[in-house]
Each structure stands twice: as C-alpha cells, then as structure tokens.
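Here are the chains, one letter per residue:
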Amino acid sequence: MKSKKHLPLAFCSAVLLSIGSCKPYSAAAQTTAVSVSASVEEQLYRPNFHYTPKKGWMNDPNGMFYADGQYHLLYQYYPDGNKWGPMHWGHAISIDLIKWEEQPIAIYPDKDKYIFSGSATVDINNTSGLGTGKMTPIVAIYTLHDMAKEKDNKIDFEQQDIAYSNDNGFTWQKFEEGNPVIKNPGIRDFRDPKMSWDGMHKQWIMVLAAQDRVQLYKSKNLKNWEYLSDFGKNIGAHGGVWECPDFFQMKVEGTNEIKWVLIQSLNPGGANGGSGTQYFIGDFDGTTFTLDSNFAKRTEQEKAVWLDYGKDNYAGVTWNNVPNSDGRKLFIGWMSNWDYAQQVPTFIWRGSTTIAREIKLVKKGSAYSLISNPVKEIDKYISKTIKEKSLKGKGKLDFVTAGKIDLTKAIVNFDLKNLKQDTYTFILSNTLGESLTFGINNSDHYLFADRSKSGKTDFSEKFASTVTKAALEGEQKDAAFKIVLDKTSIELFYNNGEKVITEIFFSNQPFTSLSVSSNQEIELSNLVINQLNIN
Ligand code: FRU
C-alpha cells in the first residue's frame, strides 16, 4: 500500500483523496457511466478463472490455509470502492485452487484501524488455547494499521494482532483481551506477519517485514512472541520497502536435503519496476537465517533473484496446513502492481490473483533455485486438446488462428528447437490489430514480454512504457514454454518454471490468434494447446 512506503506526503494524500472520492456504488450521478462501462468490463475483463471479488478492491492474498477439504484464501479487501481503502480481510474458498467461491467478509476494520496483511495457521494441538469447541482453532495474525496515528505523524502505527476462528475459518473473533501480540518497537514499516510451525525446531515461527529487513520471532502458543534475529539489510534488492515475507523449509527435489526459503516482496524496486518478489535460500538453526554461500554469490551478481520477472505478481505467500500426504508448497500472488493497480480499467472490481502455483526447490550442481508451475488441478478443466508434432518455417508461422481455440481460457505448451542467435517473437493478436508480444532474444539472452500495443495502456504511464525482461544464463539451444491465458493475463512459465513472467493486459477485444516470427528458421515442436472449460 502506497501511503506507508516512504513516499512523499503529497503522494500519500493523493491516494487518500482518491479513496475518498471513489464510491461508484453510492453516487447516483455516476450510475449511468458506471453501468455502461461496467457491462463492457464484465464481458471483456472479468477473468474466466483467476479469482476476483464480485465487487470492490482487492490486493494481497492473506492467511491462506487448508482445512477439511477446502482451500481458504483471505485477502486485502475494500468492498465499498474500487481503489485501496479501509482494509478488511475478504474470503473465498475452493476445493481445487482453481474455482473460487466468494464468502462473507472474514475480518472487519474498526474506525481508523485497518486490517493489513498477515497469515493464518491451523492450530492443531490448540497450543493457543483459543479453541473453545470441538473444532480445531484457526489463528490469524495480521497487522493492525492505525490510520489516525499515521495521520498524526506518529511512527508506531503498525502492530500485530490476533483473530481466531472456531468454525474452520468462516467466522472470526478479534482477540481483544490479548492484542497486540507484538507491539510496535518504534519502526515505521512493521508489518505482514507470516507464521508457521517449524517442525525442525519444534516451535512456531513468524517472519515480519521491518522496512529494509525481516525480523524472525518464535512462540510456543501463538500469543507470546520472542524476537530471534533479523535478516536482509544490504542483501538482495532494496529499491523499496520490504513487505509480505514468507519463510519455510523445503526438501530439495529428489533428495532428503532440507533448505530454508525466504520469499520477500518489495515495492518499488521489482525486477521490471514497481512491485516485485525476490527470494533467498539458506539454512535456519532455529534462531538465525544464513544465506547459502552459492546463493549469496548469485544474489550479489544478479542483485536479486526473482520469483517472477513479470510486473504483476506481488505479495504472494504459501498455504498453511497442506496435508503431508499432499506435501506441496502452494503459492498464490496478487496479479497487479502498485505502480498502476488503482488505475487499471475495471470499475466494479479491481485486482485478481495469479493462478495458484506449486513451488519446488531444485539443485543444479551446487546451486539451489525455486521453480514454479501452475497447480496440476487446472488440468481437470481441459475440455479439448490440439496437438501438433512440429511446425517449421521462416518468417511468420500462425499456430493458433482465430476461431480454432478460445485464447481467453487456454494453456499453450510448445518447445522451440535448435535456436539460433536471433529473436523469436510470439504474437497474441486480435482483429483490431492489438497485440501482446513475448518471446526470447537469443542474441542478448533474455525473455521478454511487451504489452505496449495490447489495447488500453494509457491509464498509467508506467503500465506499458518498458518491455519486461528476464535475463537468461547464456545462449539457449532449446526452449520450453507453457503459457496460461485468461481474458486479461498471461503467465509464462519458461523451461519448467525456471523463469516466470506474469503480466496483465486490457485489449479492446479478446486476443484470438497466436503466431511466432523470426529471421531464422523456426522449429516449433511438442505443440499442445489445451482449451479450458471454465468460468
Ligand atoms: C502490500 C501491502 C502490505 C500491507 C497491505 C495493505 O501490497 O502494502 O504491506 O499490509 O498491502 O493493504
């Protein structure tokens, strides 16, 4: 959120003013204008399978947990306007991480006391004592942001509070008698607690963003927290304030080796401007997180290692309490960017999530990294598959022509073989001549995505003024792409999720064709186009 990001005061009040003036549901004079664009917006822009609230503003995913066969997604929510405002926790559930059902609002703010980002955990042994009935209590911890104090120029306006649920997360009580569970120690940006059970050291742990670093805490009962250490000052990217961390252990794929991962969002200063999410890999001894030496070198060379190079994957964290029998690390992010989130051309709602992703920790030689891919549950929505063994040619190859497949709900997989030192540009286009391009520059070794001609872009100077780039380690011989397409988003997973680019767009008509062009011969193989039956 902008007003807490050390931005000039003038900017902060601009945000507040726009929140105050933005009430599309109550102002009669606006009704006609809103309803005309509203129906266009519904048809053109409401995603087919990415979660959006029915109405209002959303930003970060919060407090995700799994219980009793259901995945819960809570999120930063302002129901009464389409810009950031008094923060609530919205709520949605899903049995498969793909189709979401909106629920009543989970946690409401009190006057001037906004409910900022945080996390929730299923307290299986009722260590908190907050379980009062037969059901396992769910404990949420969030930042209580005191707007009145902030306006008063105090710095201690953020503290950590608890709310709990005794009905599997459908209704919540604030822990009035015990809050705050962590007081503000005199730090201006002190927020977004993410807690989890640390089975290795038999303790609850919490990671919290504190300006230019994270703080780690431990607890026996989720109510009393003891400060352990901090991490991150002068490590990784610091172009903006750190927000929404997540900290957990993971098994290295195919081994029994355990490493610890810190996911760390920051705004601005992301990989391609504005909001972005970096990560770190290392070890945790129960008190201190130490960066793996190899990873430390990489962080220095690359300045930061990014979970996603696109402009639109922010504040993402992982699910709590995924059953051991499943064992996956499941992640979801907010598919927008503070650079323009409040200006994107939707009116009834603003903001959506990324596709839920599975994150894996892999080791190549002695180098650790994360890969991410869409959760496998998406596959059950495949209604039609078109396969082509290979396509070869020079110039421009059309491989999805209008009418063949609905590209507003599709997953397209393909490999590029025998790449030369050239650029291979994929073009998503419509009959209005609008296009979104992406691909690989194999001379200068990077992936790219360019939405400058993708339709509506002028709502913000920052939306399409730069091409998104993700550096590759040298020249590529073969390249594998998976792209997930919805009405307003492309999620590009390169080489099994080694590099990811997530971007939103607002074309004036849906994109209907996909082609590729290059000066060199193009060899496209293993083309599999999956149509999804979902909305
Ligand atoms: C990240 C963030 C968090 C904060 C929330 C407020 O997008 O700024 O740091 O808790 O949004 O809505």
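Treat the numbers as computed from the prediction; the structure is a model and nothing was measured.

1. Quick look at the pairing of strand E31 (residues 513-532)
Judged from the 15 bridges that link them, strand E22 (residues 382-400) and E31 form a sheet pairing that is antiparallel. Across the sheet, residue Lys 396 finds its bridge partner in E31, namely Ser 517. Both strand E23 (residues 409-416) and E31 contribute to a ladder of six bridges, which runs antiparallel. Residue Asp 415 lies in a different strand from E31, and its bridge partner there is Ser 525. Pairing of strand E24 (residues 423-429) with E31, which is carried by five bridges, proceeds in the antiparallel orientation.

2. What about the sheet that holds strand E14 (residues 258-267)?
With antiparallel pairing, four strands are arranged side by side in an open sheet as E13-E14-E15-E16. Only two strands of the sheet have a single neighbouring strand rather than two, namely strand E13 (241-251) and strand E16 (289-291). This sheet shows a mean twist of 40° between the axes of neighbouring strands, independent of strand direction. One ladder, built from seven bridges, connects E14 with strand E15 (residues 276-284); its direction is antiparallel. What sits directly across from Leu 266, in E15, is Gly 276. Helix H4 (residues 293-302) contacts E15 and E16 of the sheet and is inclined by roughly 155° relative to E15.

3. Structural notes on the domain arrangement of the protein
Each assigned domain of the protein is listed with its residue range as follows: domain 1 (11-120 + 130-141 + 157-373) and domain 2 (380-532). Distance from the C-alpha centre of domain 1 to the C-alpha centre of domain 2: 28 Å. Each partner contributes residues to the interface: domain 1 has 36 residues there, and domain 2 has 38 residues. For the pair domain 1 and domain 2, the summed buried surface comes to about 3,200 Å²; carbon and sulfur atoms form 53% of the total. Of all residues in domain 1, the largest losses of buried area upon contact with domain 2 belong to Tyr 45, Tyr 309 and Lys 311, amounting jointly to 19% of the total for that side. The tally of links from domain 1 across to domain 2 stands at five salt bridges. For Arg 451, the salt bridge goes to Asp 312, with nearest N and O atoms at 2.8 Å.

4. Some remarks on H4
Along H4, the positions that sit buried rather than exposed are Phe 295, Arg 298 and Thr 299. What you see down the axis of H4 is that its buried residues fit within an arc of 100°, all on one side. The outward face of H4, more than 90 degrees from its buried face, is lined by the exposed residues Ser 293, Lys 297, Glu 300 and Gln 301. Structurally, H4 contributes buried residues whose contacts are with E15, E16 and strand E21 (367-374). One or two steps after H4, the chain reaches Lys 303, where phi turns positive at roughly 75°.

5. Here's the deal with the side chain of Thr 425
Tracing the sequence through the fold places Thr 425 in strand E24. Leaving out residues up to four positions away in the same chain, Thr 425 has contacts with Thr 437, Phe 438, Phe 448, Ser 515, Val 516 and Ser 517.

6. Some details on unusual backbone geometry
Glycine aside, residues mostly have negative phi, and peptide bonds are mostly found in the trans state. Each neighbour pair has its own omega, and for Asn 179 with Pro 180 the value is 0°, a cis peptide bond. Relative to the helices and strands, Pro 180 resides in the loop between strand E8 (173-174) and strand E9 (190-198). The omega torsion across Asn 267 and Pro 268 is -10°, close enough to zero to call that bond cis. Here Pro 268 is to be found in the loop between E14 and E15. Phi angles above zero are rare outside glycine, and Asn 168 is one such case at about 60°. Tracing the backbone through its elements, the reader meets Asn 168 in the loop between strand E7 (158-165) and E8. According to the relative accessible area criterion, Asn 168 is buried, its value standing at 12%.

7. Observations regarding the packing of aromatic side chains
Scanning all chains against the criterion turns up 38 aromatic pairs. Relative to Phe 481, the ring of Phe 414 lies with its centre 5.2 Å away and its plane at 25°, an arrangement referred to as stacked. One end of the pair, Phe 414, is in strand E23; the other, Phe 481, is in strand E28 (residues 479-486), with 67 residues separating them in the sequence. Taking relative accessible area as the criterion, Phe 414 reaches 1% and is therefore assigned buried. For Lys 329, the ring lying beneath its charged end belongs to Phe 248, and the centroid distance is 4.4 Å. The ring centre of Phe 463 lies 3.8 Å from the NZ or CZ of Arg 451, which sits over that ring.

Reading the values: rules and limits
Residues numbered from 1 in each chain as written. Predicted model: local features only at pLDDT ≥ 70, side-chain atom pairs only at ≥ 80, totals over all residues. Heavy atoms only, no water. Pairing = 2+ DSSP bridges. Helix = DSSP H or I, 4+ residues; strand = E, 2+ residues; numbered from the N terminus. Axes fitted to C-alpha atoms, helices over the stretch in contact; angles between N-to-C directions. Contact = heavy atoms within 4.5 Å. Domains from an automatic or database assignment. Buried area = accessible area lost by both parts, 1.4 Å probe. Salt bridge = Lys/Arg side-chain N within 4 Å of Asp/Glu carboxyl O. Buried < 20%, exposed > 50% of the residue type's maximum accessible area, 1.4 Å probe, protein only. Arc of directions from axis to C-beta. Phe/Tyr/Trp six-rings, centres within 6.5 Å; stacked < 30°, edge-to-face > 60°. Lys NZ or Arg CZ within 6 Å of the ring centre and 35° of its normal.

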